[in-house]
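Residue strings, one per chain:
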Amino acid sequence: MKTSTLVLSLALAAAIVSPAFAAETVPCEKMLDDLRTVTKAATLGDADAAAIAALQDKGIERCNSDDDAHADEFFAQAMKIMGK
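About the thresholds
Residues numbered from 1 in each chain as written. Predicted model: local features only at pLDDT ≥ 70, side-chain atom pairs only at ≥ 80, totals over all residues. Heavy atoms only, no water. Disulfide = S-S within 2.5 Å. Helix = DSSP H or I, 4+ residues; strand = E, 2+ residues; numbered from the N terminus. Buried < 20%, exposed > 50% of the residue type's maximum accessible area, 1.4 Å probe, protein only. Contact = heavy atoms within 4.5 Å.

Taken as a whole and judged by the stated rule, the model has one disulfide. Sulfur-sulfur distance for the disulfide between C28 and C63 comes to 1.9 Å. In this structure the cystine formed by C28 and C63 twists about its S-S bond by roughly 70 degrees; its chirality is therefore right-handed. Of this pair, C28 sits in helix 2 (residues 28–41) while C63 sits in helix 3 (residues 46–64), and the two are 35 residues apart along the sequence. When sorted by exposure, C28 lands in the same class as C63, which is buried.

Moving on, we get to the side chain of Q56. Within the secondary structure, Q56 sits in helix 3. Contacts of Q56, omitting those with residues within four sequence positions, involve L32, L35, R36 and F75.

With that settled, consider unusual backbone geometry. Residue D66 is not a glycine yet carries a positive backbone phi of 60 degrees. Taking relative accessible area as the criterion, D66 reaches 68% and is therefore assigned exposed.

Below, the structure is given as structure tokens:
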């Protein structure tokens, strides 16, 4: 009886916590679209443009692997270079 109560409690906790973490992650496709929009409007030096392109490529790779959280991290780093 204790085991089934524990399992049920853990399952319920996971069901409640999972949507909370999922809500914090922006879909990587949306973040990529935002990055591309900001990049088009920005005036960048060669070094910044290269760094942003590298981060964008890494983010796209993670996005294609359905790893939105890590993709968003790369896109956010690129946005930070542009001051966004």
